[in-house]
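Summary of structural features
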Amino acid sequence: MSCRLSELVLNCHDPETLSRFWCEVLGYVVLDRDGGAIEIGPASGFGGAVPTIMFIPVSDEKHEPLRLHFDVNPVDRDQDAELERLLSLGARPADVGQSPDDSWHVLADPEGNEFCLLKNQLREI
């Protein structure tokens, strides 16, 4: 027997803003709202192979880079075009000590949570 990854939980100040941002990034929809928390996921709903993301409102500040972060890669465009799209959605470049020669971009969501934009794995090998 084993488990499957069903949800990722992200503490944040503004679940509304972050859920909108991540819905746009991932093509997700809002699946549930409960007591200020918002859960997003694929339009097919809960229980599939892809985990949902739950945004939980908290009042404490983020002070360090996350110990766990998301890696995303484009599915229908190259990395440069996806970088422009993510920046237009509100992502911003982040510095976590990466090298300028790295093949990925480190970005931060509207609350400063770091994530990496990788190359399209199918087209840019």
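The structure under discussion appears in the preceding block.
Not measured: the values here are computed from a predicted model.

**Details of the pattern of salt bridges**
One pass over the structure, following the stated rule, counts five salt bridges. The shortest N-O distance in the salt bridge between R77 and D76 comes to 2.9 Å. Residue classification places R77 among the partly exposed positions, given a relative accessible area of 25%. Linked through salt bridges whose partners overlap, the residues forming this network are D76, R77, E82 and R85.

**Comments concerning the sheet that holds strand 1 (residues 7-12)**
As summarised here, the arrangement of the four strands in space is 1-4-3-2, forming an open sheet in which the pairing is mixed. Taken across any chain shown, the strands that pair with only one partner, and hence form the sheet edges, are strand 1 and strand 2 (29-34). Neighbouring strand axes in the sheet, compared pairwise and without regard to direction, differ in orientation by 20° on average. The sheet contact formed by strand 1 and strand 4 (residues 52-57) spans six bridges and is parallel. Its bridge partner lying in strand 4, L10 is registered against F55.

**Points about the side chain of S19**
Mapped onto the elements, S19 comes out in helix 1 (residues 15-26). In this structure S19 comes out as buried when scored by relative accessible area, which is 1%. Setting aside its immediate chain neighbours within four residues, S19 contacts I38, I40 and F55.

**A short note on the packing of helix 1 against helix 2 (residues 79-89)**
Contact geometry of helix 1 with helix 2 gives a least axis separation of 10 Å together with a crossing angle of 160°. Taken together, helix 1 and helix 2 sit at an angle that is classed as roughly antiparallel. Note that helix 1 runs across helix 2; the crossing there is right-handed. Residues F21, E24 and V25 of helix 1 touch helix 2, and the partners they reach there are R85, L86 and L89. Considering only residue class, the contact of helix 1 with helix 2 consists of four nonpolar, no polar and two charged.

**A look at the state of the cysteines**
Applying the stated rule across the entire model yields zero disulfides. The structure places no disulfide on C23, whose sulfur is separated from the nearest cysteine sulfur, that of C12, by 12 Å. C116 carries a free sulfur, and the closest cysteine sulfur to it, the one in C12, is 20 Å from it. A residue is classified by how much of its surface remains accessible, and C116, at 9% relative accessible area, is buried.

**Notes on the packing of aromatic side chains**
Ring pairs (aromatic) are described by centroid distance and by the angle formed between their planes. Here the structure, examined in full by the defined rule, presents four aromatic pairs. Taking 6.2 Å as the distance between ring centres and 65° as the angle between the ring planes, the aromatic pair formed by F21 and F115 counts as edge-to-face. Linking F21 in helix 1 with F115 in strand 8 (residues 114-117), this pair joins segments that are 94 residues apart in sequence. When sorted by exposure, F21 lands in the same class as F115, which is buried. Among the residues examined, F115 registers a relative accessible area of 0% and is labelled buried. Through a chain of ring-to-ring contacts, the aromatic side chains of F21, W22, F70 and F115 assemble into a single cluster.

Scoring rules and cut-offs
Residues numbered from 1 in each chain as written. Predicted model: local features only at pLDDT ≥ 70, side-chain atom pairs only at ≥ 80, totals over all residues. Heavy atoms only, no water. Salt bridge = Lys/Arg side-chain N within 4 Å of Asp/Glu carboxyl O. Buried < 20%, exposed > 50% of the residue type's maximum accessible area, 1.4 Å probe, protein only. Pairing = 2+ DSSP bridges. Helix = DSSP H or I, 4+ residues; strand = E, 2+ residues; numbered from the N terminus. Axes fitted to C-alpha atoms, helices over the stretch in contact; angles between N-to-C directions. Contact = heavy atoms within 4.5 Å. Parallel < 35°, antiparallel > 145°, perpendicular 65-115°, else oblique. Left-handed = near helix turned anticlockwise from the far one by under 90°. Nonpolar A, V, L, I, M, F, W, Y, C, P; charged D, E, K, R; others polar. Disulfide = S-S within 2.5 Å. Phe/Tyr/Trp six-rings, centres within 6.5 Å; stacked < 30°, edge-to-face > 60°.

Shape descriptors only; they carry no functional weight alone.
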